[in-house]
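This is what each chain is made of:
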Amino acid sequence: MSRSEAPPRRRRGGGRGRGRGSESETASPTPISERTPLQNEGSGLGSYDGPERGKFGDIDVSGPIAKALAEIGYENPSPIQLEAVPGCLEGRDLVGQAITGSGKTAAFSIPICERVDPYNRNVQAIVLVPTRELAMQVAREVERIGKYRGITVCAVYGGQPIQRQFAQLERGANVVVGTPGRIMDHMGRGTLDLQNVRVAVLDEADEMLDIGFAEDMEFILRHTPRSRQTLLFSATVPGFVKRLIRRYQDDPMWIQLGAEIQTVDEVDQIYFEVAERDKQDALKLVLSDVTDDYRMLVFRRTQIGVDRLAGSLKRAGFGAMGLHGGLAQGERNRAMGAFRDGNLPILVSTNVAARGIDIPEITHVVNYDLPDNVEEYVHRIGRTARMGRRGYAVTFLAEWDFETWEKIREHIGEDRLIQGSLPFYD
Ligand code: AMP
């Protein structure tokens, strides 16, 4: 069932086919060659209104989107894309659950880029994500998929000067990708108007609807039209999310690929029993066993734990940096950028990097401190072995971890877990 659209609103300016900033209903369209970036930068220009169609595998898409996908190197849809994109294109609400690293971002970015009108200056799609790093990453994906349709994207997140975001929003953004706090900040200042949103996406939906963000979600979504399309995506959809769905969605399609809790087949999951005081030695042993081009993401529970471990690895001669919410955004960007670009082999992080971060070259995830629950475990180790690549997930179990580990093990399945032994205990 597709829902009725909101009543047409008067556009603030630059409506489809009209000159930028033109308020006059009678103004003649600006020739394509004279249009400014907002009105369709990049190329494909004429094709937006034209009959040109394209294919993404068996899915019908517009010419400019097909061209962008081919250029990125997406030849065929992944299973979640194959299942989700057609329904999303029809405007249906949808819950998409699929394993980590399976292409969920493009599964919602493609429909967004198709459903948004680049000639309309209003914000028509909003993507809500839990972390700043994910906001930047998802914004980049939407941008590159929408490039030839001239879709404009603004990433809105804390830590970046708000003025820069004002300017971008002022120029007009078709799609906003952001973290809840900064989005509400802009809403409060009147610099972000969500009344024309047609598509709202909650990426990492279970985290967005969990206690930490629940009130913010309620507030943000209340300021969008009821007629909007709402898409929820995550690798994990626990029971409490299922109960909340009716609050935000209308007769959603459910797509669940794989089991309720599932880890990727290509990841070897190894665990070691190790006393807290021996963990650094254990990590060094793991590091002595890796190939030259390893890239390792190490999770710690606390910010101070991250700082200490990153510092001591550095002193021991390893290339390591820390990432957590207590660092200035510049430092966060430097650490993430170096890790992404292959200039830093080890990133030590709190859960801020647990979800969504897509760095296909990550070879190892280390749970230096055990995650609190199975969902967190699934997301953390999902940073490796993406889209068919191989990876290793190493988990340290300290003195007090056995109860939590028992629960995780029950969900993951005994047969997927390999117990390793540390020579210094032999
Ligand atoms: P995601 O789960 O959205 O983070 O995507 C995981 C990885 O798969 C990313 O590196 C994407 O660039 C890549 N990807 C997404 N869709 C496709 C596709 N259809 N073909 C090949 N790679 C893809």
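Please refer to the structure higher up on the page.
The structure presented is a predicted model; accordingly, all values stated were derived computationally and were not measured. (Residues numbered from 1 in each chain as written. Predicted model: local features only at pLDDT ≥ 70, side-chain atom pairs only at ≥ 80, totals over all residues.)

## Quick word on unusual backbone geometry
Residue Glu204 is not a glycine yet carries a positive backbone phi of 55°. Within the element layout of this structure, Glu204 appears in the loop between strand 7 (199-203) and helix 7 (205-208). The exposure class of Glu204 is buried, given the 24 C-beta atoms found within 10 Å. Not every positive phi belongs to a glycine, and Asp251 is a case in point at roughly 45°. The topology assignment puts Asp251 in the loop between helix 9 (239-248) and strand 9 (253-256). (Helix = DSSP H or I, 4+ residues; strand = E, 2+ residues; numbered from the N terminus. Buried ≥ 20, exposed ≤ 12 C-beta atoms within 10 Å, placed from the backbone.)

## Overview of the environment of Met336
Mapping Met336 onto the fold places it in helix 12 (residues 329-341). We classify Met336 as buried; it has 23 C-beta atoms within 10 Å. Separated by 13 residues in sequence, Met336 and Leu323 have C-alpha atoms that sit 7.5 Å apart.

## Looking at the site of the ligand
By nearness alone, 15 residues border the ligand, and Tyr74, Gly103, Thr105, Asp358 and Met387 come closest of all. No other element matches the three residues that helix 3 (residues 104-115) contributes to the shell around the ligand. Domain assignment of the residues forming the shell around the ligand places at least three in each of domain 1 (32-256) and domain 2 (267-425). (Near = placed C-beta within 6 Å. Domains from an automatic or database assignment.)

## Quick word on the packing of helix 2 (residues 79-89) against helix 3
Here helix 2 crosses helix 3 at 25°, and the two axes come no closer than 9 Å. With respect to their mutual orientation, helix 2 and helix 3 come out roughly parallel. The chirality of how helix 2 crosses helix 3 is right-handed. Every residue of helix 3 that contacts helix 2 at Ile80, Gln81, Ala84, Val85, Cys88 and Leu89 is listed here: Lys104, Ala106, Ala107, Phe108, Ile110, Pro111 and Glu114. Looking at the contact of helix 2 with helix 3 residue by residue, the class counts come to ten nonpolar, one polar and two charged. (Axes fitted to C-alpha atoms, helices over the stretch in contact; angles between N-to-C directions. Parallel < 35°, antiparallel > 145°, perpendicular 65-115°, else oblique. Left-handed = near helix turned anticlockwise from the far one by under 90°. Contact = placed C-beta atoms within 7 Å. Nonpolar A, V, L, I, M, F, W, Y, C, P; charged D, E, K, R; others polar.)

## Side note on the nonpolar core
With 106 residues, the main nonpolar core has Val142, Val175 and Val177 as its most contacted residues. Residues lining this core come from more than one domain, with at least three contributed by each of domain 1 (32-256) and domain 2 (267-425). Beyond its immediate sequence surroundings of up to four residues, Val142 is in contact with Ser109, Ile112, Cys113, Ile151, Val153, Val175 and Val177. (Core = buried A, V, L, I, M, F, W, Y, C linked by C-beta atoms within 7 Å.)

## Some remarks on the sheet that holds strand 4 (residues 125-128)
The sheet built from seven strands is open, its strands ordered 5-6-4-7-8-3-9 with parallel pairing. If you trace the sheet from one side to the other, it starts and ends with strand 5 (153-156) and strand 9, each paired once. The mean angle between the axes of side-by-side strands here comes to 10°, regardless of whether they run parallel or antiparallel. The sheet contact formed by strand 3 (residues 94-97) and strand 8 (residues 229-234) spans four bridges and is parallel. (Pairing = 2+ DSSP bridges.)

## A few points about helix 12
Helix length check: helix 12, at 13 residues, gives a terminal C-alpha distance of 18 Å against a target of 18 Å (1.5 Å per residue), a fit within 8%. Looking only at helix 12, the buried set comprises Arg332, Ala335, Met336 and Phe339. Angular distribution of buried residues about the axis of helix 12 spans 90°; they occupy a single face of the element. Among the exposed residues of helix 12, those oriented more than 90 degrees off its buried face are Gly330 and Asp341. Where the residues of helix 12 are buried, they touch helix 4 (132-146), strand 12 (320-323) and strand 13 (346-349). Following helix 12 by one or two positions, Gly342 has its phi on the positive side, about 85°. (Expected span 1.5 Å × (residues − 1). Arc of directions from axis to C-beta.)

## Digging into the sheet that holds strand 11 (residues 296-299)
The strand order across the open sheet built from seven strands is 12-13-11-14-15-10-16, with neighbouring strands paired in parallel fashion. The strands lining the two open edges of the sheet, one partner per strand, are strand 12 and strand 16 (417-419). Direction aside, the axes of adjacent strands within the sheet are offset by 20° on average. Where strand 11 and strand 14 (residues 364-367) come together, four bridges link them in parallel fashion. Each residue of the ladder has a partner; that of Leu297, found in strand 14, is Val365. Along the sheet, helix 12 makes contact with strand 12 and strand 13, crossing strand 12 at roughly 130°.

## Notes on the pairing of strand 6 (residues 175-178)
Regular strands have side chains that alternate between both faces of the sheet. The side-chain alternation of strand 6 yields two buried faces, one formed by Val175 and Val177 and the other by Val176 and Gly178. For strand 4 and strand 6, the ladder comprises four bridges, and the chain directions are parallel. Paired with Leu128 across the strands is Gly178, a residue of strand 6. Sheet topology note: the strand 5/strand 6 ladder contains four bridges and is parallel.

## Quick notes on the environment of Asn76
On the secondary structure map, Asn76 appears in the loop between helix 1 (63-72) and helix 2. Through-space distance from the C-alpha of Asn76 to that of Lys55 is 9.3 Å; in sequence the pair is 21 residues apart.

## What about helix 1?
Every buried residue of helix 1 is accounted for by Pro64, Ile65, Ala66, Ala68 and Leu69. On its buried side, helix 1 packs onto strand 1 (53-56), strand 2 (59-62), helix 3 and helix 4. Among the residues trailing helix 1, Gly73 stands out with phi positive, at a value near 105°.

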